[in-house]
Amino acid sequence: HFHWASAGKTGWVDAEQWTGAPGSGTATDFRPFTQNFTLAAPARGKHFRFAVASTFSKWQPWIAELRFRTSSGWLANRATAKAPAPVKDSSGWQVDGDRGGQAWAAMDGSEHTVWDARSSQSWLELEFDNEEEVHEVSVTTLGDQTHDPEIFGLQVPASSPNGTDWTCDSVR
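As the structure is a prediction and not an experimental result, all values here were calculated from the model.

Quick look at the overall build of the protein now. Of regular secondary structure, the protein possesses zero helices and nine strands. In sequence order, the secondary structure elements of the protein are arranged as β-β-β-β-β-β-β-β-β. In the protein, buried positions account for 51% of the 172 residues. Here the contacts in the protein between residues at least 6 apart in sequence split such that 80% fall between residues at least 24 apart.

Our focus in this paragraph is the side chain of Gln60. Along the chain, the position of Gln60 falls in the loop between β2 (33–55) and β3 (62–70). One polar contact links Gln60 to Asp116, side chain to side chain, over a distance of 3.1 Å. The residues contacting Gln60, other than those within four sequence positions of it, are Thr55, Gln94, Asp116, Ala117, Arg118, Ser119, Ser120 and His147.

With 28 residues, the main nonpolar core has Leu66, Phe68, Met107, Leu124, Val137, Val139 and Leu154 as its most contacted residues. Contributions of two or more residues to this core are made by β1 (12–19), β2, β3, β8 (122–141) and β9 (149–157). Leaving out residues up to four positions away in the same chain, Val139 has contacts with Phe33, Thr34, Gln35, Phe37, Phe50, Ile63, Glu65, Leu66 and Phe152.

For residues that are not glycine, phi is negative in most cases, and the peptide bond is trans in most cases. Following Ala85, the chain continues to Pro86 via a peptide bond in cis, the omega torsion being 10°. Along the chain, Pro86 falls in the loop between β4 (73–74) and β5 (87–90). The residue Lys58 is not glycine, and still its phi comes out positive at about 70°. Relative to the helices and strands, Lys58 resides in the loop between β2 and β3.

With that out of the way, let us pick up the layout of surface pockets. The calculated volume of the largest pocket comes to roughly 180 Å³. If you trace the largest pocket, you find it lined by Leu75, Ala76, Asn77, Ala85, Pro86, Met107, Glu127, Phe128, Asp129, Asn130 and Glu132. Classifying every residue of the lining of the largest pocket by side-chain character gives six nonpolar, two polar and three charged.

Thresholds applied
Residues numbered from 1 in each chain as written. Predicted model: local features only at pLDDT ≥ 70, side-chain atom pairs only at ≥ 80, totals over all residues. Heavy atoms only, no water. Helix = DSSP H or I, 4+ residues; strand = E, 2+ residues; numbered from the N terminus. Buried < 20%, exposed > 50% of the residue type's maximum accessible area, 1.4 Å probe, protein only. Contact = heavy atoms within 4.5 Å. Polar contact = N/O pair within 3.5 Å; in protein donor to acceptor, adjacent residues only side chain to side chain. Core = buried A, V, L, I, M, F, W, Y, C linked by side-chain atoms within 4.5 Å. 1 Å grid on protein atoms, 1.4 Å probe; cavity = no way out; pocket = protein on both sides within 12 Å on 5 of 7 lines; lining within 4 Å. Points joined across faces, edges and corners; volume = space filled by probe spheres on them. Nonpolar A, V, L, I, M, F, W, Y, C, P; charged D, E, K, R; others polar.

Okay, here's the thing in structure tokens:
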């Protein structure tokens, strides 16, 4: 299980945790690689965290696109530098040449830009406009086998009466 603290929030719990597969590309031959992961039970809320515990190489993940299927269908990804929603916070990012690197790039609708995290243990905190019931998560990487997530998952606040006093409890 994950359980990292962030920005004044003391805990998140796993809604679901997955083990991914490496892409078929190489370090110089990127092939976007998409995997869909269904939650055993839907996760409900406005706040979510996509967390990567490790990549296949233990390098930082490159997430080209992150999508969520809710009860009403797939949410549209339209984040930009000036309007990064639903990306609220992240464990960090670094500039990655022409691929971008900023956290919001994971939800901009393009497989040609990436969130280039700072370490293999990284997370994106998301805040949707409305409460959503997430059933499935789609993860697209550059498929280079080096930056592809190996262990990752979707987390929800352990409790969130006011959005700041969150505690960490196991859900398994």
